[in-house]
Structure formats: C-alpha cells, structure tokens
Amino acid sequence: MTSASAPGRMAAKVSLRTWSVAAGVIPIVFLATFFIWPMLTLVGRGFVNAEGFTLAEVSSVFESARTWRILGQTLLQASVGTVVAVLAGIPGAFVLYCRSFPGRNLVKALVAIPFVLPSVVVGVAFRALINEQGPLGFLGLGDSFVSIIAALVFFNYSVVVRTVGVLWSRLDPRASDAARSLGATRFKAFITITLPGLAPAIAAAAALTFLFCASAFGIILILAPANYGTVETEIYYQTTQLLNLPAAAALSIVQLVIVTATLIVSNIARSRNETALKLRSDENTQPLRVADWFPTTITALVGFGLLAAPMANLVWRSLHTRSGFGLGNYAALAVVSPGMAASVWQAILNSLMTATMAMGIAVLLGIQVSYLLSRRPKTKSGRRALNLLDSVFMLPLGVSAVTIGFGFLITLNRPPLDLRTSWVLIPLAQAMVALPLVVRTLLPTWRAISPRMREAAASLGSSPAGILTRIDLPYLSRGIGLAIGFAFATSLGEFGATSFLARPDRPTLPVLIFRLISRPGAENFGMAMAACVVLAALTGVIMALAEWIGPKTTGWV
C-alpha cells in the first residue's frame, strides 16, 4: 500500500507543479506587455536622441535644482504622511480588531472605504472643507502642506488599521497579562511586550503607506499650491505640458528606485508578519471597556473629524445651488455642460463599463498570480525567485499611473497592438493598477489551503481542474468576493492613467469631475460636488458589500 501510494504522490506533485507553471504564464505575459514594455519604452526614450544613445539630457535633469526640490518634497510628504497615519491608525487597529461592540463590522467597512475612494473625490472633499467658503476656511489651510497630509492620512488610515489590526487580534495575550499581574501598567506592558510583537505589521503598513503617499497624484493635483510638486505630478507636467521625455524618464527612474526599496522593506516585514500570525489561529477579541477610553477617543476623533467630516461637507455642499438648498446640482448631471462632450450620467455609464471589464481582467489574473505566489518552494533559489516575482507584480502599486498611461500611448500605437483609438486601453490600464490589490487580497486565502489536501486529491486521480473545483474554489469563494470589490472600486476611481487615455467624447467619471473642478463658475463646482457624491456612494456600496461577504481577517500585506 505504501509503495503504491508513493508514485501517486510523486505524480501528484509533478501535476501540481505543471499547473502552477501554467497558471503563471498568462499573467507574466500580461505584465510584460502592458506594464514592463510601456514603462521601459518611456524610460528608454529619455536616453535616445536624434544622434543615438546619450546621457546628457538625463544628467541635466539631475543637475537641476527643481528636480531635487521636488524629490525632497516627495520624500517629506511621504514620511510625514506615513508617521501621522501610523500614529492615528494603531489605536483604531486596537478598537476595531481587538474589541467587540455593536456595529463593529459596519464601522470596519466604513473605515475601509476611504482607501478605495477615487483620489479626485478625496481632493475635492478636502478642498471644499478648507477653502475660504468651507466650514474650516477660517483656519487658512487652503493650499497648505497640512491639508495635503490630512488628505493622505484620510486615504491611508485603513491600510494601517487593517494590517496592524489583523495581527493584533491574533497575538497571544498571555505574556501581556502576566506582565500586568506582576505590576506593570497597561502602557508599560504595551510598550515592552505588545508593541515589539506588532513591529512586523507596523513596518509593513508603514512601507505601503509610504509608497501610496509618495505616489499620490489626484490629491496633489487638486490640493497642492502652484509651487508645490511631487515626482508623480512632475512626470505628468513634463510629459503633458512640456513633452520633455528625458525629464520624465529620469523622474520615472527615481520613482522606480523608491518603489523598489519600499517593496523590499514591505516584503521583509510581510514575511515576518506571516510568521507572527501563527501564534494564534483565531481572533482574540474582548468587549469594549471603560479602561479603553484613550484608544477609543482617538479612534472616534479620527473617525468623525478626519474621515466623516470631509465627506459630510461634500454632501452638504452638493445640495447648495444658486437658487437655494435643493437637488439642482444632481438634476444638472444629466445635462451636457457647455464645452463638455458628455454629461455626468454618460460618464458614469462609461466608468461602470470600463470598471467591469477591468475588474474581470484583474480578478482572473489575480487568481492565477496569487495561486502561483502561494506555492512553498523547498529550495532557497525557488523562494528567492518567488519573492522576486511577487515584487515585480507589486510594482504597479507605486509606479506612476501617469507613466503607465503615457507608456501605453507610445507603445500600443503600432501593429500588432495598435490600440490608440480603442477604448479597451482604459480597462487594460485600470486592470494593471488593480491587479496588485487583488493579489494581496487572495494570497492569504490561497496560503490557508493545505498543500497536502491537493496532493491527496491528485494522488486519488483528481485532475488540476477537479482540485480547483472541489478544494480551492470553496476556500476562495469569500476571498474572491472581496477581490472583486477592491478591483471594481479601484478601477471605478482610477484617474492617473485614465487622464491620458480617456477620449474627450467618452470620459470616465473621475476625469469629468476634474474637468468640472478646473472650470470657473458656481454651476460647474456644484456639479462637481454632486458627481463626487455619486462616485463616493457607488464606491461605498461596492466596498460595503465586498467587506460583508469577504474574509474578516485578511490584511493588506
């Protein structure tokens, strides 16, 4: 019996390895075609002129004081935004993941929404809150660094809360309880025992937050003063306004270095995070107590003051018209404004159609990529290769969406892939942006499936398709729901690449909102407010459904 089963297990392992390799071919081809090729082509344009290869023009960019000023502003913005988001998010992680109270799941869903809100909506919401006519206009924060940091923390707060909270809920509390029984205060027990245990998750959350803060585009475009710029907005300015490809190429290289370094830190922290998660297999939650007043107060202040206030004011401002308080701005969404080629409702239909297609592409590819990355190679070289592949598929998270969009225009413009006039370019770009989030959502679910179950099924004669149907899909069903939500919401609000690719007569909703906010007139501003509310509501409903049907303990990393 034993001798007969050994060849079966060997054949099962070979079959599963073959299936793993096959699962990775299509995503790698997709990544090479729609990310690596456009990115390298754009960067390469900066090193070639009429005479051939040259470093002169790129060198001049690095010799410019403007370049170093922008790089300094980018790093400062990302560093401050990361520190504030981590400090604000740790109390929220404790309250939402280690304590139970009525409505906790609803609050967790609401906290997750800002991360997938379109950056244009976030920028407009904060602009409406802090400009001279806004409720906080008296603070004089319009066009200020403080407003930028506040918007970035709003955007990334849930990254810290979810990543740290998932690990915190699974830490074994016995060491901390023992310290308390020996006379240590709650604060000392937290600093000496709990905080070191949370360090991997905090480092991973900080790395991702830094990445998102450094690559912010729509928020900076709307909130930043005229003399303020980041690497992301500078790439946009150099390509669209000056057509200076050498400058854009040099800045893209700088951005790629920042992204790569950040992803290395994130991967190291994530591997430690996964090891720490093995301490407990279930959540350790207790009822919310009076003694938890400090983290509860901080979480409430952040929730109401930073997360809810901008969105509530956005709704309030959308109801103000020239004739008074009412729904006039929403009624105007069906009308094509002068100078516009489409109405807001037409843009909504365009966005829903492209987001649906992008979601389908991202989820199908994400299932294959996450399956491949969930493998457990026994050799050191195999593990290194898998980690490298993981980092490569995460690159679209931080590389400029502007770079992706502009790269599409200069590469997919000739046979055999001449897609310049095709609307398919937009969902392809959006799928590339959403793919890393889908992979990160599905990866923990794949890793929770024991490889012995697959090997046993294969040794009993099940085909790879049968194993996928009987073993993998039942586990993946809830994770796929959350992945669909993230992919759809991310694609729905994508602005950076879409701003390059959207045709004037077929704009997406974020692009049309930016056009409205850039035009003078109270009517345009009111329509932009109403359009932002509609887009935020769509995103909120999608994420609430995804959070409800999705896994409750899936982290961001």
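Residues numbered from 1 in each chain as written. Predicted model: local features only at pLDDT ≥ 70, side-chain atom pairs only at ≥ 80, totals over all residues. Heavy atoms only, no water.

Asker: Explain the overall build of the protein to me, please; I cannot follow it from the model alone.
Answerer: Across its full length, the protein holds 22 helices and eight strands. On the protein, roughly 23900 Å² of surface is accessible, and the fraction owed to carbon and sulfur atoms is 68%. (Helix = DSSP H or I, 4+ residues; strand = E, 2+ residues; numbered from the N terminus. Areas by Shrake-Rupley, 256 points an atom, 1.4 Å probe, with all protein chains shown as cover.)

Asker: Would you take a moment to explain the packing of aromatic side chains for this structure?
Answerer: Evaluation of the coordinates by the stated rule reveals 14 aromatic pairs. Measuring from centroid to centroid gives 6.1 Å for F34 and F408, while their planes differ by 55 degrees, and the two rings are tilted. With a gap of 374 residues between them, F34 in helix α1 (residues 2-45) and F408 in helix α16 (residues 401-411) connect regions that are remote in the sequence. Residue F34 is classed as buried on the basis of its relative accessible area, which comes to 11%. Relative to F155, the ring of F115 lies with its centre 6.2 Å away and its plane at 45 degrees, an arrangement referred to as tilted. Taken together, the positions of F115 in helix α4 (residues 104-116) and F155 in helix α6 (residues 145-168) put the pair 40 residues apart, joining distant regions of the chain. One aromatic cluster in this structure is built from F217, Y236, F495 and F514. One cation-aromatic arrangement involves K108 over Y97; the distance from NZ or CZ to the ring centre is 4.3 Å. (Phe/Tyr/Trp six-rings, centres within 6.5 Å; stacked < 30°, edge-to-face > 60°. Buried < 20%, exposed > 50% of the residue type's maximum accessible area, 1.4 Å probe, protein only. Lys NZ or Arg CZ within 6 Å of the ring centre and 35° of its normal.)

Asker: When you look at empty space enclosed by the protein in this model, what are you seeing that I'm missing?
Answerer: Gaps left between atoms show up when a probe the size of a water molecule is rolled over them. Per the counting criterion, the structure on display carries six cavities of 30 Å³ or more. Taken together, 27 residues make up the lining of the largest cavity; nearest its centre are S119, F155, L397, V433 and T490. For the lining of the largest cavity, the secondary-structure elements that each account for two or more residues are α4, α9 (218-223), α17 (425-447) and α19 (464-493). The residue makeup of the lining of the largest cavity, split by class, is 17 nonpolar, eight polar and two charged. Residue contributions to the lining of the largest cavity reach at least three from each of two domains, namely domain 1 (53-278 + 291-317) and domain 2 (329-399 + 427-557). (1 Å grid on protein atoms, 1.4 Å probe; cavity = no way out; pocket = protein on both sides within 12 Å on 5 of 7 lines; lining within 4 Å. Points joined across faces, edges and corners; volume = space filled by probe spheres on them. Nonpolar A, V, L, I, M, F, W, Y, C, P; charged D, E, K, R; others polar. Domains from an automatic or database assignment.)

Asker: Would you mind showing me how to read the nonpolar core here?
Answerer: Most often, soluble globular proteins have nonpolar side chains that are buried together. The biggest cluster of nonpolar side chains holds 166 residues, and the ones touching the most others in it are V124, V164, W168, L314, V344 and F408. Tallying contributions element by element places α6 first for this core, with 15 residues. If you count residues domain by domain, this core takes at least three from each of domain 1 (53-278 + 291-317) and domain 2 (329-399 + 427-557). Counting residues in hydrophobic clusters, the runner-up holds six residues, among them V43, F47, V58 and V61. (Core = buried A, V, L, I, M, F, W, Y, C linked by side-chain atoms within 4.5 Å.)

Asker: Explain the environment of C532 to me, please; I cannot follow it from the model alone.
Answerer: You can see C532 is positioned in helix α22 (residues 522-549). Put simply, C532 and I513 are 19 residues apart on the chain and 7.2 Å apart in space, counted from C-alpha to C-alpha. When sequence neighbours within four positions are dropped, the list of residues in contact with C532 reads V121, V124, L314 and I513. (Contact = heavy atoms within 4.5 Å.)

Asker: Which parts of the structure should I look at to understand the pattern of salt bridges?
Answerer: Applying the stated criterion to the full structure yields six salt bridges. Across the pair R186 and D292 runs a salt bridge, and its minimum N-O distance is 3.0 Å. Linking R186 in helix α8 (residues 186-214) with D292 in the loop between β4 (286-287) and α12 (293-318), this pair joins segments that are 106 residues apart in sequence. A salt bridge links R440 to D390; the shortest N-O distance between them is 2.9 Å. One end of the pair, R440, is in helix α17; the other, D390, is in helix α15 (residues 380-394), and 50 residues separate them in sequence. Residue R440 shares its accessibility class with D390, and that shared class is buried. (Salt bridge = Lys/Arg side-chain N within 4 Å of Asp/Glu carboxyl O.)

Asker: Hey, could you run me through a nonpolar patch on the surface in this one?
Answerer: On the surface, a cluster of nonpolar side chains totalling about 260 Å² of accessible area is made up of V25, I26 and V29. Secondary-structure assignment places V29 in helix α1. Assessed through its relative accessible area of 47%, V29 is described here as partly exposed. (Patch = residues over 30% accessible without salt bridge, like charges linked within 9 Å, V, L, I, M, F, W, Y side chains within 5 Å.)

Asker: It is not clear to me how the layout of surface pockets should be interpreted in this structure. Could you clarify?
Answerer: Volume-wise, the second largest pocket comes out at about 940 Å³. Forming the boundary of the second largest pocket are 30 residues, of which F94, W168, R186, F190 and T194 lie nearest the centre. At the level of elements, α3 (65-98), α7 (174-181), α8 and α12 are the ones that each hand at least two residues to the lining of the second largest pocket. Residue classes in the lining of the second largest pocket are distributed as 17 nonpolar, six polar and seven charged.

Asker: What am I meant to see in the packing of α15 against α17 here?
Answerer: A pair of packed helices is captured by two measures, namely the crossing angle of their axes and the spacing between those axes. Direction vectors running N to C along α15 and α17 enclose 135 degrees, while the axes themselves pass 8 Å from each other. By the angle between their directions, the pair α15 and α17 is classed as oblique. Each of D390, F393 and M394 in α15 lies in contact with α17, whose residues at this interface are L435, P436, V439 and R440. Among the residues making up the contact of α15 with α17, the classes are represented as five nonpolar, no polar and two charged. (Axes fitted to C-alpha atoms, helices over the stretch in contact; angles between N-to-C directions. Parallel < 35°, antiparallel > 145°, perpendicular 65-115°, else oblique.)

Asker: Please explain the side chain of T194 as it appears in this structure.
Answerer: Counting through the fold element by element, T194 comes out in helix α8. Excluding residues within four positions of it along the chain, T194 makes contact with W168, L171, S176 and A189.

Asker: Got a minute to help me understand the environment of W423 in this structure?
Answerer: The topology assignment puts W423 in the loop between β8 (417-418) and α17. Considered as a pair, W423 and L501 are 78 residues apart in the sequence and their alpha carbons are 8.1 Å apart. In contact with W423, other than residues within four places in its own chain, are M353, T354, M357 and R506.

Asker: What exactly am I supposed to notice about the packing of helix α14 (residues 344-373) against α17 here?
Answerer: Here α14 crosses α17 at 40 degrees, and the two axes come no closer than 6 Å. Relative to α17, the element α14 lies oblique. As α14 runs across α17, the sense of the crossing is right-handed. Residue classes in the contact of α14 with α17 are distributed as 22 nonpolar, four polar and one charged. (Left-handed = near helix turned anticlockwise from the far one by under 90°.)

Asker: Just to check I follow, could you spell out the side chain of Q430 for this structure?
Answerer: Note that Q430 resides in helix α17. Q430 gets classed as buried once you look at its relative accessible area, which sits at 1%. Side chain to side chain, Q430 and T498 meet in a polar contact 3.4 Å long. The residues touching Q430, leaving out its near neighbours within four places in the chain, are T354, A355, A358, S491, E494, T498 and T508. (Polar contact = N/O pair within 3.5 Å; in protein donor to acceptor, adjacent residues only side chain to side chain.)

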